[in-house]
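# Notes for the structure review
This is what each chain is made of:
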Amino acid sequence: NETIPTHHDHRPSWPMFGEYQFVPKQRWLHNVEHGAVVMLYHPCTHPRLVHKLRRIVTGCIRKHIITPFSDLDPKAPLALVAWGCRLIMSRVHASEVVNFIMEKGLKGPEGDYAKEGQYTHALLKLAKPPAGSDMNDSNLCPGFTAQN
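Residues numbered from 1 in each chain as written. Predicted model: local features only at pLDDT ≥ 70, side-chain atom pairs only at ≥ 80, totals over all residues. Heavy atoms only, no water.

### Concerning the sheet that holds strand S2 (residues 37–41)
Read across the sheet, six strands follow the order S5-S4-S2-S3-S1-S6 without closing on themselves; strand pairing throughout is mixed. The strands lining the two open edges of the sheet, one partner per strand, are strand S5 (85–89) and strand S6 (123–126). Strand-to-strand, the axes of this sheet are offset by a mean angle of 15 degrees, without reference to chain direction. In terms of strand pairing, strand S1 (residues 18–20) meets strand S3 (residues 64–68) through two bridges, oriented parallel. Following the sheet pairing, Gly18 is matched in S3 by Ile65. Across the face of the sheet, helix H2 (residues 47–60) comes into contact with S1, S2, S3, strand S4 (78–82) and S5 while running at roughly 175 degrees to S2. Across the sheet, helix H3 (residues 94–104) is in contact with S2, S4 and S5; its angle to S5 comes to roughly 170 degrees. (Pairing = 2+ DSSP bridges. Helix = DSSP H or I, 4+ residues; strand = E, 2+ residues; numbered from the N terminus. Axes fitted to C-alpha atoms, helices over the stretch in contact; angles between N-to-C directions. Contact = heavy atoms within 4.5 Å.)

### Focus: the pattern of salt bridges
Taken as a whole and assessed by the stated rule, the structure comprises two salt bridges. Salt-bridge contacts for Glu19 lead to Arg54; the nearest nitrogen and oxygen are separated by 2.9 Å. Here the residue Glu19 occupies a position in strand S1, and Arg54 occupies one in helix H2, the gap between them amounting to 35 residues. Where Glu116 meets Arg62, a salt bridge forms, and the shortest distance between an N and an O atom there is 3.0 Å. Here Glu116, found in the loop between H3 and S6, pairs with Arg62, found in the loop between H2 and S3; they are 54 residues apart in sequence, far enough to count as distant. Assigned by exposure class, Glu116 and Arg62 land together as buried. (Salt bridge = Lys/Arg side-chain N within 4 Å of Asp/Glu carboxyl O. Buried < 20%, exposed > 50% of the residue type's maximum accessible area, 1.4 Å probe, protein only.)

### Re the packing of aromatic side chains
The description of an aromatic ring pair uses the distance of the two centres, along with the angle that the planes make with each other. Enumeration over the complete set of coordinates arrives at one aromatic pair. Geometrically, the ring pair formed by Trp28 and Phe69 is edge-to-face, given 5.9 Å between the ring centres and 75 degrees between the ring planes. Taken together, the residues span a long stretch of sequence, with Trp28 in helix H1 (residues 25–33) and Phe69 in the loop between S3 and S4 at a distance of 41 residues. (Phe/Tyr/Trp six-rings, centres within 6.5 Å; stacked < 30°, edge-to-face > 60°.)

### Re the pairing of S5
Taking every second residue as pointing to the same face, the buried face of S5 carries Cys85, Leu87 and Met89, while none of Arg86 and Ile88 on the other face is buried. Here five bridges tie S4 to S5, and the two strands are oriented antiparallel to one another. Each residue of the ladder has a partner; that of Ala79, found in S5, is Ile88. Here S4 folds back onto S5, and the loop between the two strands holds two residues, one of which, Gly84, carries a positive phi near 80 degrees.

### Comments concerning the side chain of Thr67
Among the structural elements, Thr67 can be located in strand S3. Those residues in contact with Thr67 that sit more than four places away from it in its chain are Tyr20, Phe22, Val23, Trp28, Met39, Leu40 and Tyr41.

### Here we look at unusual backbone geometry
Positive phi, normally seen in glycine, also occurs at Ala122, with a value near 70 degrees. When you line up the elements, Ala122 lands in the loop between H3 and S6. Located in the positive-phi region is Cys141, a residue other than glycine, with phi close to 55 degrees.

Geometric descriptors of this kind do not, in isolation, establish any biological role.
Now the structure itself:
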């Protein structure tokens, strides 16, 4: 599914980690290279679904980008992207999301690079480390339990 890339050419300036009104994929792809998990949602997704996924993502990893993405199918309006992989969802299953983040988060070629990006256009909320972790995301998904 090339409409949701997992790595590709990108802009040199990457966004600060956090939630945005909108971030173009050429920007968030750079964050993926730095180990971020990107949460995408179709703009017409029910706010309850977006909130549920946002709560898990922000509770798992500081290095995240949250942005609407109109190329998603409205029947599967949610996606997580990490280096080389994606998870497309029609519903939010907490264990599936936590497992994805724990297995795929921080895996980009520069995943251990904790420095913030410079791009802030349309930034709504700057990312903070989840309670029980730190700026380096030393503890992914504290407070959540990975399940098989």
